[in-house]
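# Coordinate analysis (summary)
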Amino acid sequence: MMIGIAKKNVNGIPVLEVGKYELEKKALPTVFFIHGFTSAKEHNLHYAYLLAEKNFRAVLPDVNFHGERSKPISEKERNMQFWSIVVQTIEELNGLKDTYVTSGLTLSEKIGVAGLSMGGIVTLGALSRYSWIKTAVSLMGSPAYETLSHELLGQFEKQGEKLPFTDEQVKTELKKIEKYDLSKRPDALQERPLLFWHGKNDPVIPYRHAWDFYHEVKDGYKDHPEKIQFLLDERAQHKVTREGVLKTVEWFEKYL
């Protein structure tokens with residue numbers, strides 16, 4: 001068994017596509033995996049390798065301002081772009097899916113999305129928009145866009161930084177992300193299989209956003225309670241454990 005990594009440019013987006021050589025031209029169940037803020041597609045190749053072993057095609061895109069799409073801007077400027085990057089990635093995901101399906105590489109009824117940190121946030125926002133996602137895994141993500149946004153602004157001010165926009169501009173920005181806020185439209189889940197993994201001591205994205213949401217929606221899965229799960233690691237911080245990695249792959253193996 002040989003597993004290959006193809007470096008491609010799809011719709012102007014640099015991606016790594018990982019799968020078994022002998023299945024290279026076949027339509028396969030496909031997982032789109034989104035990296036975290038300040039990270040890049042290459043940093044998640046271990047997920048892609050393990051998924052490829054199970055006969056999936058794994059597609060890892062670089063999001064805007066990251067990896068091969070980096071631009072000469074300051075860290076502060078990139079921080080200010082956080083939500084526009086999230087929204088742009090959700091929108092680009094739809095185009096990536098279309099291209100992979102029409103090119104005969106992806107089975108349209110067997111598509112999963114996963115991501116960690118910002119990628120988990122993207123994954124949960126994508127679930128609020130796209131019914132073509134059959135199953136998903138959020139690693140250290142948050143479905144509560146507005147709540148998280150207020151917390152991030154609070155952290156920014158705590159660091160003594162003056163916000164570079166007015167209250168009116170903040171309201172405008174919040175309006176832009178509102179339609180992607182899964183916590184405001186839990187019905188969008190439609191009982192699709194969803195796995196959360198989070199470290200209890202995560203100092204970057206508080207686990208409670210996803211935790212509260214999970215407890216709010218799990219009653220909607222009463223016919224299939226096994227289809228929604230939350231793995232809370234009591235000791236972990238903002239780093240997925242090996243168990244979390246393996247459970248991600250198991251989840252797609254089970255539901256895709």
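Up top you'll find the structure we're talking about.
Only a predicted model underlies this, so the values are computations on that prediction, with no experimental measurement involved.

## So, the overall build of the chain
Scanning the chain from terminus to terminus reveals eight helices and eight strands. Relative to the globule expectation of 18 Å for 256 residues, the C-alpha radius of gyration of the chain, 18 Å, shows essentially globular dimensions. Across its three principal axes, the chain shows a C-alpha extent of roughly 55 × 45 × 35 Å. Taking all 256 residues of the chain together, 51% fall into the buried category. Of all intrachain contacts in the chain linking residues separated by at least 6 positions in sequence, the fraction that spans at least 24 positions is 75%. Side chains of the chain give 35 positive and 35 negative charges; the mean places of these two sets differ by 3 Å.

## Quick notes on the packing of helix α3 (residues 82–102) against helix α4 (residues 118–129)
Packing of α3 against α4 brings their axes to within 9 Å, and their N-to-C directions diverge by 55°. When the axis of α3 is compared with that of α4, the two are oblique. α3 and α4 meet at a crossing whose hand is right-handed. Seen from α3, the contacting residues are Phe82, Trp83, Ile85, Val86, Thr89, Ile90, Glu91 and Leu93; seen from α4, they are Met118, Ile121, Val122, Gly125, Ala126 and Arg129. Split by residue class, the contact of α3 with α4 holds ten nonpolar, two polar and two charged.

## Quick notes on the packing of aromatic side chains
Inspection of the entire model under this criterion finds 13 aromatic pairs. Between tyrosine 207 and tryptophan 211, the ring centres sit 6.2 Å apart and the planes meet at 65°, which makes this aromatic pair edge-to-face. Judged by relative accessible area, tryptophan 211 falls into the partly exposed class, the value being 27%. The positively charged end of lysine 71 is found above the aromatic ring belonging to phenylalanine 65, 4.7 Å away from the centroid.

## Observations concerning α4
The end-to-end C-alpha separation of α4 is 17 Å, in line with the 16 Å expected for twelve residues at 1.5 Å each. By the criterion of burial, α4 is predominantly enclosed, with eleven of the twelve residues buried.

## A word on the packing of helix α1 (residues 45–53) against helix α8 (residues 242–255)
Between α1 and α8, the shortest axis-to-axis distance is 10 Å and the interhelical angle comes to 40°. When the axes of α1 and α8 are compared, the pair comes out oblique. Crossing handedness for the pair α1 and α8: right-handed. Residues His46, Tyr47, Leu50 and Leu51 of α1 lie in contact with α8, whose contacting residues are Val245, Leu246, Thr248, Val249 and Phe252. In terms of residue class, the contact of α1 with α8 is made up of seven nonpolar, two polar and no charged.

## Some points on helix α6 (residues 167–178)
Helix length check: α6 (twelve residues) gives 16 Å between terminal C-alpha atoms against 16 Å at 1.5 Å per residue, within 8%. Listed in full, the buried residues belonging to α6 are Val170, Leu174 and Ile177. Buried residues of α6, seen end-on, are gathered within an arc of 65° and therefore sit on one face of the element. Along α6, exposed side chains directed more than 90 degrees from the buried face belong to Glu168, Lys171 and Lys175.

## Some details on the nonpolar core
By size, the foremost hydrophobic cluster in this structure holds 49 residues, and its most contacted members are Val86 and Phe196. With nine residues, α3 is the single largest residue contributor to this core. Those residues within four positions of valine 86 in sequence are excluded, and the remaining contacts are Met118, Ile121, Val122 and Tyr145. Grouped together as the second largest cluster of nonpolar side chains are 27 residues, Leu16, Leu60, Trp197 and Val245 included.

## Quick notes on the sheet that holds strand β4 (residues 57–61)
Spatially, β1-β2-β4-β3-β5-β6-β7-β8 is the arrangement adopted by the eight strands of the open sheet, whose pairing is mixed. Of all strands in the sheet, those bounded by a partner on one side alone are β1 (3–10) and β8 (228–233). Neighbour-to-neighbour, the strand axes of this sheet turn through a mean angle of 15°, independent of strand direction. Here strand β5 (residues 106–116) pairs with strand β6 (residues 135–139) via five bridges, running parallel. Note that in β6 the partner of leucine 116 across the bridge is leucine 139. In the packing of helix α7 (residues 208–217) onto the sheet, the strands contacted are β7 (194–199) and β8, and the crossing angle to β8 comes to about 150°. Here α8 sits on the sheet in contact with β3 (28–34), β5, β6, β7 and β8, set at roughly 170° to β6.

Conventions and cut-offs
- Residues numbered from 1 in each chain as written.
- Predicted model: local features only at pLDDT ≥ 70, side-chain atom pairs only at ≥ 80, totals over all residues.
- Heavy atoms only, no water.
- Helix = DSSP H or I, 4+ residues; strand = E, 2+ residues; numbered from the N terminus.
- Rg over C-alpha atoms; globule rule 2.2 N^0.38 Å.
- Buried < 20%, exposed > 50% of the residue type's maximum accessible area, 1.4 Å probe, protein only.
- Contact = heavy atoms within 4.5 Å.
- Lys, Arg positive; Asp, Glu negative; His and termini not counted.
- Charge placed at Lys NZ, Arg CZ, Asp CG, Glu CD.
- Axes fitted to C-alpha atoms, helices over the stretch in contact; angles between N-to-C directions.
- Parallel < 35°, antiparallel > 145°, perpendicular 65-115°, else oblique.
- Left-handed = near helix turned anticlockwise from the far one by under 90°.
- Nonpolar A, V, L, I, M, F, W, Y, C, P; charged D, E, K, R; others polar.
- Phe/Tyr/Trp six-rings, centres within 6.5 Å; stacked < 30°, edge-to-face > 60°.
- Lys NZ or Arg CZ within 6 Å of the ring centre and 35° of its normal.
- Expected span 1.5 Å × (residues − 1).
- Arc of directions from axis to C-beta.
- Core = buried A, V, L, I, M, F, W, Y, C linked by side-chain atoms within 4.5 Å.
- Pairing = 2+ DSSP bridges.

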